[in-house]
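These are the residues of each chain, in order.
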Amino acid sequence: MTARPEVAAAGRVVVKVGSSSLTTLPGGLDAARLSALVDVLAGVRAQGREVVLVSSGAIAAGLAPLGVVGRPRDLATAQAAASVGQLRLVQTYADAFDRHGVTIGQVLLTADDLTRRSHYRNARQTLERLLTLGALPIVNENDTVATEEIRFGDNDRLAALVAHVARADALLLLSDVDGVYDGDPRQGPARLLDTVRDPADLGAVTLGTARRNGVGTGGMATKVEAALIAAHAGVPVVVTSTGQAAAALAGEAVGTRFAVMGPRPRTRQFWLRFATRPRGRLLLDDGAVRAVRERGASLLAAGITGVAGEFLADDPVELVGPDGVVVARGLVAYDARELPPLLGRRTAELEPEYRREIVHRDEMVLVRRPSLG
Ligand SMILES: Nc1ncnc2c1ncn2[C@@H]1O[C@H](COP(=O)(O)OP(=O)(O)O)[C@@H](O)[C@H]1O
Ligand SMILES: N[C@@H](CCC(=O)OP(=O)(O)O)C(=O)O
(Lines give C-alpha, C1' and ligand atoms only; values in the text may rest on other atoms or scores of the structure.)
(Ligands and ions follow the chains in the order given, each with its own letter.)
Protein backbone atom coordinates (compact mmCIF):
# COMPACT_ATOMS: atom_id res chain seq x y z
CA MET A 1 0.00 0.00 0.00
CA THR A 2 1.26 3.48 -0.85
CA ALA A 3 0.63 6.80 0.96
CA ARG A 4 -1.64 9.37 -0.65
CA PRO A 5 0.26 12.69 -0.36
CA GLU A 6 -2.12 14.43 -2.78
CA VAL A 7 -4.95 13.95 -0.27
CA ALA A 8 -2.84 15.09 2.69
CA ALA A 9 -1.96 18.25 0.74
CA ALA A 10 -5.52 18.97 -0.42
CA GLY A 11 -6.66 22.37 0.85
CA ARG A 12 -10.26 21.80 -0.18
CA VAL A 13 -11.83 18.35 0.11
CA VAL A 14 -15.23 17.01 -0.77
CA VAL A 15 -16.22 14.17 1.55
CA LYS A 16 -19.17 11.96 0.63
CA VAL A 17 -20.70 9.70 3.26
CA GLY A 18 -23.27 7.02 2.45
CA SER A 19 -26.47 6.09 4.26
CA SER A 20 -24.91 2.83 5.41
CA SER A 21 -22.45 4.78 7.60
CA LEU A 22 -25.02 7.01 9.28
CA THR A 23 -28.21 5.01 9.62
CA THR A 24 -29.64 1.60 10.29
CA LEU A 25 -32.89 0.47 8.71
CA PRO A 26 -34.79 -0.23 11.95
CA GLY A 27 -33.19 2.52 14.02
CA GLY A 28 -32.93 5.48 11.66
CA LEU A 29 -30.12 7.94 12.27
CA ASP A 30 -27.11 6.74 14.24
CA ALA A 31 -26.15 9.97 16.05
CA ALA A 32 -22.99 8.49 17.60
CA ARG A 33 -21.50 7.48 14.24
CA LEU A 34 -22.48 10.79 12.70
CA SER A 35 -20.87 12.63 15.58
CA ALA A 36 -17.65 10.62 15.19
CA LEU A 37 -17.45 11.69 11.54
CA VAL A 38 -18.12 15.31 12.50
CA ASP A 39 -15.20 15.17 14.98
CA VAL A 40 -12.91 14.07 12.15
CA LEU A 41 -14.15 16.77 9.74
CA ALA A 42 -13.92 19.49 12.40
CA GLY A 43 -10.33 18.38 12.99
CA VAL A 44 -9.58 18.84 9.29
CA ARG A 45 -11.13 22.30 9.40
CA ALA A 46 -8.98 23.15 12.42
CA GLN A 47 -5.94 22.47 10.19
CA GLY A 48 -7.11 25.35 7.98
CA ARG A 49 -8.51 23.07 5.28
CA GLU A 50 -11.93 23.52 3.67
CA VAL A 51 -14.52 20.74 3.66
CA VAL A 52 -17.68 20.23 1.61
CA LEU A 53 -19.72 17.31 2.93
CA VAL A 54 -22.05 15.40 0.63
CA SER A 55 -24.22 13.40 2.97
CA SER A 56 -26.78 10.72 2.16
CA GLY A 57 -29.12 9.33 4.76
CA ALA A 58 -32.24 11.51 4.45
CA ILE A 59 -34.51 8.73 3.25
CA ALA A 60 -33.13 6.15 5.69
CA ALA A 61 -33.34 8.63 8.59
CA GLY A 62 -37.00 9.37 7.85
CA LEU A 63 -38.28 5.80 7.82
CA ALA A 64 -38.37 5.02 11.54
CA PRO A 65 -40.04 8.33 12.57
CA LEU A 66 -42.77 7.68 9.99
CA GLY A 67 -43.20 4.04 10.97
CA VAL A 68 -42.23 2.88 7.47
CA VAL A 69 -40.62 -0.57 7.50
CA GLY A 70 -37.93 -1.32 4.91
CA ARG A 71 -36.62 0.88 2.10
CA PRO A 72 -39.64 2.31 0.23
CA ARG A 73 -40.08 1.18 -3.35
CA ASP A 74 -42.43 3.94 -4.41
CA LEU A 75 -41.21 7.47 -5.02
CA ALA A 76 -43.88 9.27 -2.96
CA THR A 77 -42.99 7.38 0.24
CA ALA A 78 -39.26 7.88 -0.39
CA GLN A 79 -39.92 11.62 -0.83
CA ALA A 80 -41.98 11.81 2.35
CA ALA A 81 -39.22 9.96 4.21
CA ALA A 82 -36.60 12.33 2.78
CA SER A 83 -38.64 15.33 3.88
CA VAL A 84 -38.69 14.10 7.48
CA GLY A 85 -35.21 12.58 7.43
CA GLN A 86 -33.32 15.50 5.84
CA LEU A 87 -34.51 17.75 8.64
CA ARG A 88 -33.27 15.33 11.31
CA LEU A 89 -30.05 14.73 9.42
CA VAL A 90 -29.01 18.40 9.17
CA GLN A 91 -30.25 19.18 12.67
CA THR A 92 -28.03 16.40 14.01
CA TYR A 93 -25.11 17.72 11.94
CA ALA A 94 -25.78 21.29 13.10
CA ASP A 95 -25.71 20.23 16.77
CA ALA A 96 -22.57 18.13 16.31
CA PHE A 97 -20.67 20.82 14.36
CA ASP A 98 -21.85 23.45 16.80
CA ARG A 99 -19.84 21.74 19.52
CA HIS A 100 -16.75 22.53 17.41
CA GLY A 101 -17.87 26.08 16.63
CA VAL A 102 -18.39 25.22 12.96
CA THR A 103 -21.37 26.75 11.10
CA ILE A 104 -22.98 24.55 8.48
CA GLY A 105 -25.03 25.47 5.41
CA GLN A 106 -27.52 23.12 3.80
CA VAL A 107 -27.35 22.83 0.01
CA LEU A 108 -30.05 20.70 -1.62
CA LEU A 109 -29.49 20.16 -5.33
CA THR A 110 -31.69 18.70 -8.03
CA ALA A 111 -30.22 17.13 -11.15
CA ASP A 112 -31.37 20.23 -13.03
CA ASP A 113 -29.11 22.38 -10.87
CA LEU A 114 -26.10 20.66 -12.38
CA THR A 115 -27.39 19.67 -15.82
CA ARG A 116 -28.41 23.22 -16.72
CA ARG A 117 -25.44 25.42 -17.41
CA SER A 118 -26.74 28.58 -15.72
CA HIS A 119 -27.71 26.62 -12.60
CA TYR A 120 -24.29 24.95 -12.55
CA ARG A 121 -22.64 28.35 -12.33
CA ASN A 122 -25.06 29.35 -9.61
CA ALA A 123 -24.27 26.26 -7.54
CA ARG A 124 -20.56 27.07 -7.89
CA GLN A 125 -21.06 30.61 -6.62
CA THR A 126 -23.12 29.48 -3.63
CA LEU A 127 -20.59 26.87 -2.55
CA GLU A 128 -17.71 29.26 -3.03
CA ARG A 129 -19.40 31.95 -0.96
CA LEU A 130 -20.29 29.54 1.84
CA LEU A 131 -16.66 28.44 2.00
CA THR A 132 -15.22 31.95 1.94
CA LEU A 133 -17.62 32.91 4.73
CA GLY A 134 -16.19 30.04 6.76
CA ALA A 135 -19.25 27.75 6.66
CA LEU A 136 -19.16 24.05 5.92
CA PRO A 137 -21.67 23.20 3.15
CA ILE A 138 -23.63 19.95 3.56
CA VAL A 139 -24.98 18.83 0.21
CA ASN A 140 -27.67 16.27 -0.59
CA GLU A 141 -29.99 15.66 -3.48
CA ASN A 142 -33.29 17.49 -3.04
CA ASP A 143 -35.12 14.16 -2.82
CA THR A 144 -38.45 15.63 -1.80
CA VAL A 145 -38.98 17.27 -5.19
CA ALA A 146 -36.82 15.12 -7.49
CA THR A 147 -38.98 13.04 -9.83
CA GLU A 148 -37.99 9.59 -11.08
CA GLU A 149 -36.68 10.59 -14.50
CA ILE A 150 -34.66 13.59 -13.36
CA ARG A 151 -33.11 12.21 -10.17
CA PHE A 152 -29.42 11.63 -9.62
CA GLY A 153 -30.56 8.66 -7.55
CA ASP A 154 -27.20 8.07 -5.98
CA ASN A 155 -25.04 10.60 -4.22
CA ASP A 156 -21.76 9.16 -5.48
CA ARG A 157 -22.11 10.79 -8.89
CA LEU A 158 -23.48 13.94 -7.25
CA ALA A 159 -20.32 14.06 -5.10
CA ALA A 160 -18.06 13.76 -8.16
CA LEU A 161 -19.87 16.65 -9.83
CA VAL A 162 -19.74 18.68 -6.62
CA ALA A 163 -15.98 18.04 -6.45
CA HIS A 164 -15.71 19.65 -9.87
CA VAL A 165 -18.18 22.45 -9.13
CA ALA A 166 -16.37 23.30 -5.89
CA ARG A 167 -12.91 23.02 -7.54
CA ALA A 168 -11.89 20.54 -4.86
CA ASP A 169 -8.34 19.23 -4.50
CA ALA A 170 -9.50 15.77 -3.43
CA LEU A 171 -12.64 13.65 -3.09
CA LEU A 172 -13.21 11.09 -0.36
CA LEU A 173 -15.99 8.51 -0.85
CA LEU A 174 -16.88 6.93 2.49
CA SER A 175 -18.95 3.80 2.90
CA ASP A 176 -19.22 0.65 5.01
CA VAL A 177 -16.44 -1.10 3.10
CA ASP A 178 -12.77 -0.11 3.30
CA GLY A 179 -12.14 0.18 -0.43
CA VAL A 180 -12.70 -1.33 -3.86
CA TYR A 181 -12.11 -5.07 -3.95
CA ASP A 182 -11.67 -7.23 -7.02
CA GLY A 183 -15.01 -8.82 -6.13
CA ASP A 184 -17.82 -8.13 -3.68
CA PRO A 185 -16.20 -8.91 -0.29
CA ARG A 186 -19.61 -10.09 1.02
CA GLN A 187 -19.56 -12.90 -1.52
CA GLY A 188 -16.20 -14.42 -0.58
CA PRO A 189 -12.47 -13.68 -0.31
CA ALA A 190 -11.44 -10.66 -2.36
CA ARG A 191 -8.33 -8.49 -2.80
CA LEU A 192 -8.29 -4.75 -2.00
CA LEU A 193 -7.11 -2.57 -4.89
CA ASP A 194 -4.46 -0.06 -3.81
CA THR A 195 -4.43 2.34 -6.77
CA VAL A 196 -6.46 2.72 -9.95
CA ARG A 197 -4.58 4.72 -12.59
CA ASP A 198 -6.72 3.87 -15.59
CA PRO A 199 -10.23 2.43 -16.08
CA ALA A 200 -8.45 -0.62 -17.56
CA ASP A 201 -7.15 -1.42 -14.05
CA LEU A 202 -10.73 -2.34 -13.21
CA GLY A 203 -11.03 -4.83 -16.06
CA ALA A 204 -11.05 -7.90 -13.81
CA VAL A 205 -13.11 -6.33 -11.01
CA THR A 206 -16.67 -7.43 -10.23
CA LEU A 207 -18.72 -4.59 -8.79
CA GLY A 208 -21.78 -5.57 -6.81
CA THR A 209 -24.83 -3.48 -6.08
CA ALA A 210 -25.87 -2.35 -2.59
CA ARG A 211 -27.21 -4.92 -0.14
CA ARG A 212 -30.81 -5.70 -1.05
CA ASN A 213 -32.12 -5.10 2.46
CA GLY A 214 -29.63 -2.40 3.34
CA VAL A 215 -29.96 1.38 3.39
CA GLY A 216 -27.41 2.17 0.64
CA THR A 217 -28.44 2.55 -2.99
CA GLY A 218 -25.61 2.32 -5.46
CA GLY A 219 -23.18 -0.29 -4.15
CA MET A 220 -19.57 -0.14 -5.32
CA ALA A 221 -20.45 0.33 -9.01
CA THR A 222 -21.70 3.90 -8.50
CA LYS A 223 -18.69 4.72 -6.33
CA VAL A 224 -16.26 3.54 -9.00
CA GLU A 225 -18.14 5.43 -11.69
CA ALA A 226 -18.04 8.58 -9.55
CA ALA A 227 -14.35 8.10 -8.76
CA LEU A 228 -13.56 7.85 -12.49
CA ILE A 229 -15.55 11.01 -13.25
CA ALA A 230 -13.64 12.94 -10.56
CA ALA A 231 -10.30 11.49 -11.68
CA HIS A 232 -11.07 12.68 -15.23
CA ALA A 233 -11.87 16.11 -13.79
CA GLY A 234 -8.35 16.21 -12.33
CA VAL A 235 -9.49 15.46 -8.76
CA PRO A 236 -7.75 12.57 -6.92
CA VAL A 237 -10.09 10.22 -5.05
CA VAL A 238 -9.90 7.80 -2.14
CA VAL A 239 -12.66 5.24 -1.58
CA THR A 240 -12.66 3.88 1.95
CA SER A 241 -14.73 3.21 5.06
CA THR A 242 -16.08 5.97 7.29
CA GLY A 243 -14.03 4.58 10.17
CA GLN A 244 -10.88 5.33 8.19
CA ALA A 245 -11.85 8.89 7.27
CA ALA A 246 -9.23 10.49 9.54
CA ALA A 247 -6.43 8.29 8.20
CA ALA A 248 -7.54 8.90 4.62
CA LEU A 249 -7.64 12.67 5.09
CA ALA A 250 -4.14 12.52 6.57
CA GLY A 251 -2.97 10.81 3.36
CA GLU A 252 -2.30 7.45 4.98
CA ALA A 253 -2.23 4.29 2.92
CA VAL A 254 -5.85 3.28 3.36
CA GLY A 255 -8.63 2.47 0.94
CA THR A 256 -8.40 2.56 -2.82
CA ARG A 257 -6.91 5.61 -4.50
CA PHE A 258 -7.94 6.78 -7.96
CA ALA A 259 -5.08 8.79 -9.43
CA VAL A 260 -5.85 11.85 -11.53
CA MET A 261 -6.50 10.78 -15.13
CA GLY A 262 -5.40 13.71 -17.24
CA PRO A 263 -5.31 17.47 -16.70
CA ARG A 264 -8.32 19.41 -15.41
CA PRO A 265 -10.59 19.84 -18.43
CA ARG A 266 -12.17 23.17 -19.26
CA THR A 267 -15.31 23.60 -17.20
CA ARG A 268 -17.57 23.66 -20.22
CA GLN A 269 -16.08 20.43 -21.59
CA PHE A 270 -16.39 18.65 -18.26
CA TRP A 271 -19.92 19.88 -17.76
CA LEU A 272 -20.97 18.73 -21.22
CA ARG A 273 -19.40 15.33 -20.85
CA PHE A 274 -20.39 14.37 -17.33
CA ALA A 275 -23.13 16.65 -16.00
CA THR A 276 -25.53 16.91 -18.91
CA ARG A 277 -28.23 14.42 -19.78
CA PRO A 278 -28.75 13.95 -23.51
CA ARG A 279 -32.30 14.77 -24.59
CA GLY A 280 -31.96 13.23 -28.04
CA ARG A 281 -29.66 11.79 -30.70
CA LEU A 282 -28.35 12.89 -34.07
CA LEU A 283 -27.37 10.06 -36.41
CA LEU A 284 -24.23 10.82 -38.41
CA ASP A 285 -22.94 9.35 -41.67
CA ASP A 286 -19.32 8.10 -41.90
CA GLY A 287 -18.00 11.38 -43.30
CA ALA A 288 -19.50 13.38 -40.44
CA VAL A 289 -18.05 10.95 -37.87
CA ARG A 290 -14.58 11.45 -39.38
CA ALA A 291 -15.01 15.23 -39.56
CA VAL A 292 -16.06 15.47 -35.93
CA ARG A 293 -13.65 12.91 -34.52
CA GLU A 294 -10.52 13.49 -36.61
CA ARG A 295 -10.74 17.01 -38.00
CA GLY A 296 -12.26 18.77 -35.00
CA ALA A 297 -15.07 20.07 -37.22
CA SER A 298 -18.51 21.34 -36.26
CA LEU A 299 -21.48 19.15 -37.23
CA LEU A 300 -23.29 20.36 -40.35
CA ALA A 301 -26.72 19.30 -41.62
CA ALA A 302 -25.16 17.56 -44.64
CA GLY A 303 -23.71 14.76 -42.46
CA ILE A 304 -26.84 13.98 -40.45
CA THR A 305 -29.06 11.09 -41.52
CA GLY A 306 -31.62 11.00 -38.72
CA VAL A 307 -32.93 12.61 -35.54
CA ALA A 308 -34.34 10.92 -32.44
CA GLY A 309 -35.88 12.46 -29.33
CA GLU A 310 -37.79 15.60 -28.54
CA PHE A 311 -35.26 18.28 -27.77
CA LEU A 312 -35.18 22.04 -27.99
CA ALA A 313 -32.42 24.34 -29.23
CA ASP A 314 -29.48 24.43 -26.77
CA ASP A 315 -30.35 21.02 -25.30
CA PRO A 316 -27.57 18.42 -25.01
CA VAL A 317 -27.74 15.62 -27.60
CA GLU A 318 -25.60 12.63 -28.49
CA LEU A 319 -23.90 12.37 -31.87
CA VAL A 320 -24.05 8.74 -32.97
CA GLY A 321 -22.20 7.02 -35.83
CA PRO A 322 -23.72 4.53 -38.30
CA ASP A 323 -22.45 1.69 -36.06
CA GLY A 324 -24.49 3.01 -33.11
CA VAL A 325 -21.40 4.19 -31.21
CA VAL A 326 -21.67 7.57 -29.50
CA VAL A 327 -18.99 9.83 -30.98
CA ALA A 328 -19.64 13.07 -29.14
CA ARG A 329 -22.05 15.05 -27.05
CA GLY A 330 -23.01 18.62 -27.78
CA LEU A 331 -25.55 21.41 -27.55
CA VAL A 332 -27.79 21.43 -30.62
CA ALA A 333 -28.64 24.73 -32.34
CA TYR A 334 -32.22 23.88 -33.40
CA ASP A 335 -35.35 22.23 -32.04
CA ALA A 336 -35.86 18.56 -33.03
CA ARG A 337 -38.90 19.43 -35.14
CA GLU A 338 -36.90 21.95 -37.21
CA LEU A 339 -34.23 19.46 -38.25
CA PRO A 340 -35.82 16.88 -40.63
CA PRO A 341 -36.07 19.22 -43.67
CA LEU A 342 -32.42 20.24 -43.17
CA LEU A 343 -30.87 16.77 -43.06
CA GLY A 344 -28.39 15.82 -45.75
CA ARG A 345 -28.48 19.31 -47.29
CA ARG A 346 -25.43 21.50 -47.90
CA THR A 347 -25.30 24.71 -45.90
CA ALA A 348 -25.47 26.90 -49.06
CA GLU A 349 -28.80 25.27 -50.02
CA LEU A 350 -30.45 26.19 -46.71
CA GLU A 351 -32.53 29.23 -45.81
CA PRO A 352 -30.30 31.86 -44.16
CA GLU A 353 -31.79 31.28 -40.67
CA TYR A 354 -30.79 27.60 -40.87
CA ARG A 355 -27.16 28.07 -41.91
CA ARG A 356 -25.70 27.82 -38.42
CA GLU A 357 -23.75 24.66 -37.56
CA ILE A 358 -26.16 22.07 -36.09
CA VAL A 359 -23.66 21.45 -33.27
CA HIS A 360 -20.84 23.98 -33.08
CA ARG A 361 -17.38 22.67 -32.22
CA ASP A 362 -17.15 24.87 -29.13
CA GLU A 363 -20.36 23.30 -27.81
CA MET A 364 -19.17 19.72 -28.34
CA VAL A 365 -17.06 17.18 -26.50
CA LEU A 366 -15.78 13.91 -27.97
CA VAL A 367 -16.76 10.76 -26.10
CA ARG A 368 -13.80 8.43 -25.90
CA ARG A 369 -15.01 6.09 -23.21
CA PRO A 370 -18.72 5.58 -23.73
CA SER A 371 -19.09 3.85 -20.36
CA LEU A 372 -18.15 7.11 -18.67
CA GLY A 373 -20.06 9.51 -20.85
N1 LIG B 1 -15.98 -4.98 -5.67
C2 LIG B 1 -16.47 -4.49 -4.50
N3 LIG B 1 -15.60 -3.94 -3.61
C4 LIG B 1 -16.08 -3.40 -2.46
N5 LIG B 1 -17.38 -3.41 -2.09
C6 LIG B 1 -18.28 -3.95 -2.90
C7 LIG B 1 -17.88 -4.50 -4.18
N8 LIG B 1 -18.98 -4.94 -4.81
C9 LIG B 1 -20.02 -4.65 -3.97
N10 LIG B 1 -19.64 -4.07 -2.84
C11 LIG B 1 -20.55 -3.65 -1.76
O12 LIG B 1 -20.91 -2.27 -1.86
C13 LIG B 1 -21.39 -1.84 -0.60
C14 LIG B 1 -21.28 -0.32 -0.44
O15 LIG B 1 -22.27 0.31 -1.20
P16 LIG B 1 -23.54 1.06 -0.54
O17 LIG B 1 -24.25 0.14 0.38
O18 LIG B 1 -24.30 1.70 -1.65
O19 LIG B 1 -22.80 2.15 0.34
P20 LIG B 1 -23.21 3.61 0.82
O21 LIG B 1 -24.59 3.58 1.38
O22 LIG B 1 -22.18 3.87 1.88
O23 LIG B 1 -23.06 4.54 -0.34
C24 LIG B 1 -20.54 -2.60 0.41
O25 LIG B 1 -21.32 -3.02 1.49
C26 LIG B 1 -19.95 -3.78 -0.37
O27 LIG B 1 -20.30 -5.02 0.17
N1 LIG C 1 -30.29 11.37 -1.34
C2 LIG C 1 -30.49 10.07 -0.72
C3 LIG C 1 -29.26 9.23 -0.81
C4 LIG C 1 -29.11 8.41 -2.02
C5 LIG C 1 -27.75 7.65 -1.97
O6 LIG C 1 -26.91 7.78 -2.83
O7 LIG C 1 -27.52 6.90 -0.89
P8 LIG C 1 -26.09 6.15 -0.60
O9 LIG C 1 -25.90 5.05 -1.61
O10 LIG C 1 -26.24 5.67 0.75
O11 LIG C 1 -25.02 7.20 -0.73
C12 LIG C 1 -30.76 10.22 0.78
O13 LIG C 1 -30.29 11.18 1.39
O14 LIG C 1 -31.41 9.33 1.33
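Residues numbered from 1 in each chain as written. Chains lettered and ligands numbered in written order. Predicted model: local features only at pLDDT ≥ 70, side-chain atom pairs only at ≥ 80, totals over all residues.

(A) Representation of the overall build of the chain in the model. Scanning the chain from terminus to terminus reveals 12 helices and 15 strands. Computed over C-alpha atoms, the radius of gyration of the chain comes to 22 Å, within 12% of the 21 Å expected from 2.2 N^0.38 for 373 residues, which places it in the range of a compact globule. Its C-alpha atoms put the chain at 70 × 45 × 45 Å along the principal axes. Each of the 373 residues in the chain was classed as buried or not, and the buried ones make up 42%. Relative to all contacts within the chain whose residues are 6 or more apart in sequence, the contacts with residues 24 or more apart total 73%. (Helix = DSSP H or I, 4+ residues; strand = E, 2+ residues; numbered from the N terminus. Rg over C-alpha atoms; globule rule 2.2 N^0.38 Å. Buried ≥ 20, exposed ≤ 12 C-beta atoms within 10 Å, placed from the backbone. Contact = placed C-beta atoms within 7 Å.)

(B) Highlighting the site of ligand 2. Near ligand 2 there are 17 residues, and of these Gly18, Ser19, Ser56, Ala58 and Ile59 occur at the shortest range. Mapped by element, the contributors of at least two residues to the shell around ligand 2 are helix H2 (19-22), helix H4 (58-66) and strand E6 (136-141). (Near = placed C-beta within 6 Å.)

(C) Seen up close, the confidence of the model for the chain. With 95% of its residues at a pLDDT of at least 70, the chain reaches an overall mean of 90. Model confidence for the complex is summarised by a pTM of 0.86, with the ipTM given as 0.93. (pLDDT = per-residue confidence, 0-100.)

(D) Spotlight on the sheet that holds strand E11 (residues 280-284). What the 5 strands build is an open sheet, ordered E12-E11-E13-E14-E15; its pairing is mixed. This sheet does not close on itself; its edge strands, each paired only once, are strand E12 (304-309) and strand E15 (364-366). Each adjacent strand pair in this sheet contributes to an overall mean axis angle of 20°, direction not counted. Bridge count for strand E13 (residues 316-320) against strand E14 (residues 326-331) is 5 bridges, and the pairing is antiparallel. Bridge pairing in E14 places Pro316 opposite Leu331. Helix H12 (residues 286-294) contacts E11, E12, E13, E14 and E15 of the sheet and is inclined by roughly 70° relative to E14. (Pairing = 2+ DSSP bridges. Axes fitted to C-alpha atoms, helices over the stretch in contact; angles between N-to-C directions.)

(E) Representation of helix H8 (residues 155-165) in the model. Where burial is concerned, most of H8 is hidden: 11 out of the 11 residues are buried. Buried within H8 we find Asn155, Asp156, Arg157, Leu158, Ala159, Ala160, Leu161, Val162, Ala163, His164 and Val165.

(F) Quick peek at the UniProt feature "binding site: ATP" (unreviewed entry) in the chain. Residues annotated in UniProt with the feature "binding site: ATP" (unreviewed entry) correspond here to Lys16, Ser175, Asp176, Thr217, Gly218, Gly219, Met220, Ala221, Thr222 and Lys223. With respect to the element layout, Ser175 can be found in strand E7 (residues 170-175). Classification of Ser175 as buried rests on a count of 25 C-beta atoms within 10 Å. Excluding its chain neighbours within four sequence positions, the residues that come into contact with Ser175 are Gly18, Ser20, Ser21, Lys223 and Ser241. In this structure, Lys223 sits in helix H9 (residues 219-232). Among the residues examined, Lys223 registers 30 C-beta atoms within 10 Å and is labelled buried. (UniProt positions renumbered as here; feature names shortened; annotations may be inferred.)

(G) Expanded view of the domain arrangement of the chain. Split into domains, the chain comes out as domain 1 (5-270) and domain 2 (278-366). In this structure, domain 1 and domain 2 have C-alpha centres spaced 36 Å apart. (Domains from an automatic or database assignment.)

(H) Representation of the sheet that holds strand E8 (residues 195-196). What the 8 strands build is an open sheet, ordered E5-E6-E4-E1-E7-E9-E10-E8; its pairing is mixed. Looking at the sheet topology across the chains shown, the edges are occupied by strand E5 (104-109) and E8. Note that strand E1 (residues 12-17) and E7 share 5 bridges and pair parallel. Opposite Val13, over in E7, you have Ala170 as the bridge partner. Sitting on the sheet, helix H3 (residues 31-46) is in contact with E1, strand E4 (50-55) and E6, with an inclination near 155° to E4.

(I) View of the environment of Gln187. Among the secondary structure elements, Gln187 is positioned in the loop between E7 and E8. Along the chain, Gln187 and Gly208 lie 21 residues apart, while their C-alpha atoms are 9.3 Å from each other.

(J) Structural detail: the UniProt feature "binding site: substrate" (unreviewed entry) in the chain. Under the UniProt annotation, the feature "binding site: substrate" (unreviewed entry) is placed at Ser56, Asp143 and Asn155. A maximum C-alpha distance of 10.8 Å is found for the annotated residues, which run over 100 residues; spatially they form one tight group. Turning to its location among the elements, Ser56 is positioned in the loop between E4 and H4. Note on Ser56: 29 C-beta atoms within 10 Å, which makes it buried. Among residues more than four places away in sequence, those in contact with Ser56 are Val17, Gly18, Ser19, Asn140 and Asn155. Considering the arrangement of structural elements, one finds Asp143 in the loop between E6 and H8. C-beta crowding within 10 Å serves as the criterion here: with 25 such atoms nearby, Asp143 is assigned to the buried category. Sequence-distant contacts of Asp143, that is, excluding residues within four places in its chain, are made with Ala58, Ile59, Ala78, Gln79 and Ala82.

(K) Spotlight on the pairing of E11. Pairing geometry for E11 and E12, over 5 bridges, is antiparallel. Residue pairing for E12: Leu284 is matched across the bridge by Ile304. Pairing between E11 and E13: 3 bridges, direction parallel. The partner of Arg281 across the bridge, within E13, is Glu318.

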